[in-house]
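Residues per chain are reported as follows:
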Amino acid sequence: MKQTIGSILKAKNNRKLTMITAYDALFARLFDDQVDFILVGDSLNMSFAGKKDTISATLEQMIYHTNAVCAGAKNTFVICDMPFGTYTDSKTALKNAIKVFRETSADAIKIEGGKQKAHIIKDLVDNSIAVVGHIGLLPQNFRSEGGYKVKGKDDANIQSLIADAKAIEEAGAFCIVVEGVKEEAGEAIAKSVNIPIIGIGAGAKVDGQVLVWSDMFGFFDEFKPKFVRQYIDGANLVKKAVAEYKNDVESLNFPNENEKY
Ligand code: KIV
């Protein structure tokens, strides 16, 4: 059954929540009804579009992929990631989030950033846009921070992340993704707020987990972050199947009598 914001909030302290990314209808259909929510992450700019970071993802791209995911996952709560530069201030964020809501059937949007984004989150929520926050390691800061930097390594930073989470909760977000932090930080953040904390590389002591589908199925084989559990070796399965197909074509084994009109 499709989750609602109410059922997601109720899960806190009762059961762990599962989120997965998807970028197309084909995979979204496979994930439908199996997870609590699907995130159309701007990570698609890397694993789908082949770019080196998420920064050049556009709103049009996110709308296109969100529509595809919503078409495939009719029974799952879908979140559209707002790409870099589309929520720099309340007016811009509202214009772009309203466009996402009007042009897709996404149930919520996600934006990166802590306390400094709280006033934007409040304005979005006040205008009936459901918001997921995202704190810790922020992929959209890849260039400004010179790479992906793990957070929550000392008490001062943990306190700052807690202040971020509290500000986002106070602003009206119903859930927060916490990425790339030490487990102690993930735990402290989850204990500090009443909304679910969904971790990615944030340890086990949070309210749920999210993984990027192409990482967990081993399709993105250039780099495997430490926190990823690879459930299948997708890249090798596909490479092996393509080699078999080529061999079948060349050896006149494909198509056979049953594979012809
Ligand atoms: O873009 C994405 O896939 C994300 C996840 C890493 C949480 O934001």
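Residues numbered from 1 in each chain as written. Predicted model: local features only at pLDDT ≥ 70, side-chain atom pairs only at ≥ 80, totals over all residues. Heavy atoms only, no water.

**Things to note about the pattern of salt bridges**
For clarity, the cut-off: We define a salt bridge as a side-chain nitrogen of Lys or Arg found within 4 Å of a carboxyl oxygen belonging to Asp or Glu. Elements are defined by DSSP. Helices are runs of H or I of four residues or more, strands are runs of E of two residues or more, and each kind is numbered from the N terminus.
For the coordinates displayed, the defined rule picks out 13 salt bridges. Across the salt bridge formed by R15 and D36, the nearest N and O atoms sit 2.9 Å from each other. Taken as a pair, R15 in the loop between α1 (5-11) and β1 (17-21) and D36 in the loop between α2 (25-31) and β2 (37-40) lie far apart in primary sequence, 21 residues in all. A salt bridge links E257 to K260; the nearest nitrogen and oxygen atoms lie 2.8 Å apart.

**Things to note about the sheet that holds strand β6 (residues 175-179)**
Where we set the bar: In this description, strands pair whenever DSSP reports at least two bridges between them. All axes are obtained by fitting lines to C-alpha atoms, using only the stretch in contact for helices, and the reported angles, taken between N-to-C directions, cover 0 to 180 degrees. Between two residues, a contact is recorded if the distance between any of their heavy atoms is within 4.5 Å.
Taken together, eight strands build a closed barrel; the order of strands is β1-β2-β3-β4-β5-β6-β7-β8 and the barrel is parallel. On average, each strand axis in the sheet is inclined to that of its neighbour by 25 degrees, with strand direction left out of account. Bridging between β1 and β2 involves three bridges; their strand directions are parallel. By the bridge assignment, I20 is partnered in β2 with I38. Strands in contact with helix α4 (residues 59-72) are β2 and β3 (77-81); relative to β3, the strand with the most contacts, it is inclined by about 170 degrees. Against the sheet, helix α7 (residues 155-171) makes contact with β5 (131-136) and β6, and its axis sits at roughly 175 degrees relative to β5, the strand it touches most.

**Let's talk about the pairing of strand β7 (residues 197-200)**
Selection criterion: Each residue is assigned to one of three classes by its accessible area relative to the maximum for its type, calculated with a 1.4 Å probe on protein chains only: buried under 20%, partly exposed between the two thresholds, exposed over 50%. By convention, orient the strands away from the viewer: a clockwise path from the first strand over the helix to the second makes the crossover right-handed.
Residues of β7 alternate between two faces, with I197 and G199 on one and I198 and I200 on the opposite face, all of them buried. Two strands pair when backbone bridges link them, and β6 and β7 are joined in this way by four bridges, in the parallel orientation. Each bridged residue has a counterpart across the sheet, and for V177 the counterpart in β7 is I198. Since β6 and β7 lie parallel, the crossover through helix α8 (residues 183-192) that links them has a hand, and here it is right-handed.

**Description of the pairing of β1**
Counting buried positions over the five residues of β1 gives four, a clear majority of the element. What joins β1 to β2 is α2, and the crossover it makes is right-handed.

**Comments concerning unusual backbone geometry**
Cis peptide bonds are those with omega within 30 degrees of zero, and the linkage from F254 to P255 qualifies with -5 degrees. For P255, the position within the fold is in the segment after α10 (234-250). The phi angle at S128 is positive, at roughly 70 degrees, despite the residue not being glycine. Among the structural elements, S128 can be located in the loop between α6 (118-126) and β5. The class for S128 is exposed, based on a relative accessible area of 61%. The backbone of L252 shows a phi angle near 60 degrees, a positive value even though the residue is not glycine. Mapped onto the secondary structure, L252 falls in the segment after α10. With a relative accessible area of 74%, L252 lands in the exposed category.

**Digging into the site of the ligand**
Counted only if it meets this: A cutoff of 4 Å decides nearness: a residue is near a molecule or strand if any of its heavy atoms lies inside that distance of it. Polar contacts here mean pairs of N or O atoms no more than 3.5 Å apart (in protein, one a potential hydrogen donor and the other a potential acceptor; neighbouring residues in sequence count only if both atoms are side-chain atoms). In these tables, accessible area is a Shrake-Rupley quantity obtained with a 1.4 Å probe, and a residue counts as shielded only by the protein chains included in the view. Side-chain classes are defined by residue name, with Ala, Val, Leu, Ile, Met, Phe, Trp, Tyr, Cys and Pro counting as nonpolar, Asp, Glu, Lys and Arg as charged, and the others, Gly among them, as polar.
Around the ligand sit T21, L39, G41, D42, S43, D81, K110, H134, V177, E179, I200 and V212, and those are all the residues in its vicinity. For the ligand, an oxygen atom lies 3.0 Å from a polar atom in the side chain of D42. For the ligand, an oxygen atom lies 3.0 Å from a polar atom in the side chain of K110. Protein chains bury 96% of the 260 Å² of accessible surface belonging to the ligand in isolation. Each residue belonging to the shell around the ligand can be placed in one class, and the counts come to four nonpolar, four polar and four charged.

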